[in-house]
Amino acid sequence: MNKIKISPSILSADFSQLGNEIKRLEDGGADMIHVDVMDGHFVPNLTIGPPVIKALRGNTKLPFDVHLMISPVHKYIKDYADAGADIITFHPEATNNLKESIQHVKNLGKKVGVSLNPDTQINLIEEFLTEINLVLIMSVHPGFGGQKFIHKVLDKIKELKIIKVKKNLNFDIEVDGGINFDNSKLVIEAGANILVSGTTIFKSNQGNIKKNIEILKLT
Ligand code: DX5
Ligand code: ZN
C-alpha cells in the first residue's frame, strides 16, 4: 500500500504571511507544498507566479508541487522550473503538443504531472501514462479553494488505479479539490496516494495544521 502523502494548497494560506505559512505546513508534517498558479485566463482567478515561488523557495526543503492552471503553458514551464518547482503539473487543454510539453518538463530535470478536470476523461492522456510521474485528478472545477467535492470523480480515480495496476505503472494519483475529513477515506480507497487540501488543512480545528494533516493521513 503506497504511503499517503499530503500536499497542502497555499491557496488557502494567509497570502500576507506566505513564508511563515509554508514553515507552519512543514512543521505540521506536510509532505510537499501544493502551489496553485492561476492566470485569470485558463481559470477565472489570478494568484502567484515565478517571482513569488522563487522568493518562497528558501523557506522550506519540501518539494514544491506546482499546479499550473495557465494557458498557454509550454512557453512558461522553464520559468517555474528555474523558480524552484520540483513537480510541474499542467492541464492537457493548455498545450498544443502534450508529448512535447511532458518531455520539456523532464528535460528540465523536474517531475511531470498532468491534470484532469472533472469532465476530462482518462483516454485523453492514457497513451502518456508511461511518461509521467503524476496524474492530478481535479475533484472541483479549477479556480477557487473552498468548493464542494464532486463525487463522480471517485469513479475516475478507480478507473485510473485499475489502469495503473494492469499496466504495472508507478505514477502517483493526486486528488485536488474539496478534500475533507468526510471524503478523504473514499478518495484513498478509490486509489489516490496524494491528497491536496487547502481549506480543510488551514481552517478546520481552529487552524491546527498538524492535527488536520494527521487526520487526513490516518483516514
Ligand atoms: C482549485 C485549486 C483547489 C485547491 C484546494 O483550482 O486547485 O482545489 O488546490 O482547495 P480546497 O482544499 O480548499 O478545496
Ligand atoms: Zn491545485
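Treat the numbers as computed from the prediction; the structure is a model and nothing was measured.

Thresholds applied
Residues numbered from 1 in each chain as written. Chains lettered and ligands numbered in written order. Predicted model: local features only at pLDDT ≥ 70, side-chain atom pairs only at ≥ 80, totals over all residues. Heavy atoms only, no water. Helix = DSSP H or I, 4+ residues; strand = E, 2+ residues; numbered from the N terminus. Buried < 20%, exposed > 50% of the residue type's maximum accessible area, 1.4 Å probe, protein only. Salt bridge = Lys/Arg side-chain N within 4 Å of Asp/Glu carboxyl O. Donors = N, O, S within 2.8 Å, 3.2 Å for Na, K, Ca; no water. Polar contact = N/O pair within 3.5 Å; in protein donor to acceptor, adjacent residues only side chain to side chain. Phe/Tyr/Trp six-rings, centres within 6.5 Å; stacked < 30°, edge-to-face > 60°. Lys NZ or Arg CZ within 6 Å of the ring centre and 35° of its normal. Pairing = 2+ DSSP bridges. Axes fitted to C-alpha atoms, helices over the stretch in contact; angles between N-to-C directions. Contact = heavy atoms within 4.5 Å. Near = heavy atom within 4 Å. Areas by Shrake-Rupley, 256 points an atom, 1.4 Å probe, with all protein chains shown as cover. Nonpolar A, V, L, I, M, F, W, Y, C, P; charged D, E, K, R; others polar.

Q: What is the right way to read unusual backbone geometry from this model?
A: Peptide bonds are trans in most cases, and residues, glycine excluded, mostly fall at negative phi. Look at the link from Ser71 to Pro72: it is a cis peptide, with omega at -5°. Among the structural elements, Pro72 can be located in the loop between β3 (64–69) and α3 (77–83). The backbone of Asn168 shows a phi angle near 55°, a positive value even though the residue is not glycine. Position of Asn168 relative to the elements: it lies in the loop between α5 (153–166) and β7 (172–176). Judged by its relative accessible area of 69%, Asn168 is exposed. Phi is positive for Gln206, close to 55°, though the residue is something other than glycine. Within the secondary structure, Gln206 sits in the loop between α7 (199–203) and α8 (209–218). For Gln206, a relative accessible area of 82% translates into the label exposed.

Q: Would you mind going over the pattern of salt bridges with me for this structure?
A: Any two side chains of opposite charge can pair, on the condition that their charged atoms come close. A complete count under the given rule lists 9 salt bridges for this structure. The closest approach of N and O atoms between Glu189 and Lys185, which form a salt bridge, is 2.7 Å. Taken together, the residues span about one helical turn, with Glu189 and Lys185 both in helix α6 (residues 184–190) at a distance of 4 residues. Given a relative accessible area of 54%, Glu189 falls into the exposed group. A relative accessible area of 44% means that Lys185 is categorised as partly exposed.

Q: Which parts of the structure should I look at to understand the coordination of the zinc ion (ligand 2)?
A: For a metal with four tetrahedral donors the ideal donor-metal-donor angle is 109.5 degrees, whereas six octahedral donors ideally subtend 90 or 180 degrees. Bound to the zinc ion (ligand 2) are the protein donor atoms His34 (NE2), Asp36 (OD), His67 (ND1) and Asp176 (OD), situated 2.0 to 2.2 Å from the metal. The motif formed by the donor residues of the zinc ion (ligand 2), counted along the single chain, is H-x1-D-x30-H-x108-D. Of this pair, His34 sits in strand β2 (residues 33–38) while Asp176 is found in strand β7, placing the two residues 142 residues apart along the sequence.

Q: Before we go on, may I ask you to explain the environment of Lys3 in this structure?
A: With respect to the helices, strands and loops of the structure, Lys3 is situated in the segment before β1 (5–8). Sequence separation between Lys3 and Lys217 is 214 residues, and the spatial gap between their C-alpha atoms is 8.9 Å.

Q: In this structure, what is going on with the side chain of His67? I would like to understand it.
A: Note that His67 resides in strand β3. For His67, a relative accessible area of 0% gives the class buried. Within the structure, the side chain of His67 is placed 3.4 Å from the side chain of His34, a separation counted as a polar contact. Among the polar contacts made by the side chain of His67, one reaches the side chain of Asp36 at a distance of 3.0 Å.

Q: Any chance you could explain the packing of aromatic side chains here in plain terms?
A: Each aromatic ring pair is characterised by the separation of its centres together with the angle its planes make. Within this structure, the stated rule accounts for 0 aromatic pairs. Over the ring of Phe171 we find Lys164, and its NZ or CZ is 5.6 Å from the ring centre.

Q: Sorry, what's going on with the sheet that holds β3 here?
A: Hydrogen bonds between backbone atoms are what pair the strands of a sheet, whose relative direction is either parallel or antiparallel. Within the open sheet, the 8 strands sit side by side as β1-β8-β7-β6-β5-β4-β3-β2. Their pairing is parallel. Looking at which strands have only one partner, the edges of the open sheet turn out to be β1 and β2. If you compare each strand with its neighbour and ignore which way they point, the axes differ by 25° on average. Pairing geometry for strand β6 (residues 134–138) and β7, over 5 bridges, is parallel. Residue Leu136 lies in a different strand from β7, and its bridge partner there is Glu174. Sitting on the sheet, helix α2 (residues 50–57) touches β2 and β3, and the angle it makes with β3 is about 175°.

Q: How should the environment of Leu98 be read in this particular structure?
A: Topologically, Leu98 is positioned in helix α4 (residues 98–107). Note: C-alpha distance between Leu98 and Lys217 (119 residues apart in sequence) is 33 Å. Here Leu98 is in contact with Phe90, Pro92, Val114, Leu124, Ile125 and Phe128, once residues within four sequence places are set aside.

Q: Help me understand the site of ligand 1, please; the structure alone is not making it clear to me.
A: Near ligand 1 there are 21 residues, and of these Asp36, Gly143, Asp176, Gly198 and Thr199 occur at the shortest range. At a separation of 2.8 Å, an oxygen atom of ligand 1 approaches a polar backbone atom of Gly178. At 2.4 Å, a side-chain N or O of Thr199 approaches an oxygen atom of ligand 1. Protein burial of ligand 1: of its 370 Å² of free accessible surface, 100% is covered by the chains. For the shell around ligand 1, the secondary structure elements donating two or more residues are β2, β3 and β8 (194–197). When residues in the shell around ligand 1 are grouped by element, the largest group, 3 residues, is from β2. Looking at the shell around ligand 1 residue by residue, the classes come out as 7 nonpolar, 12 polar and 2 charged.

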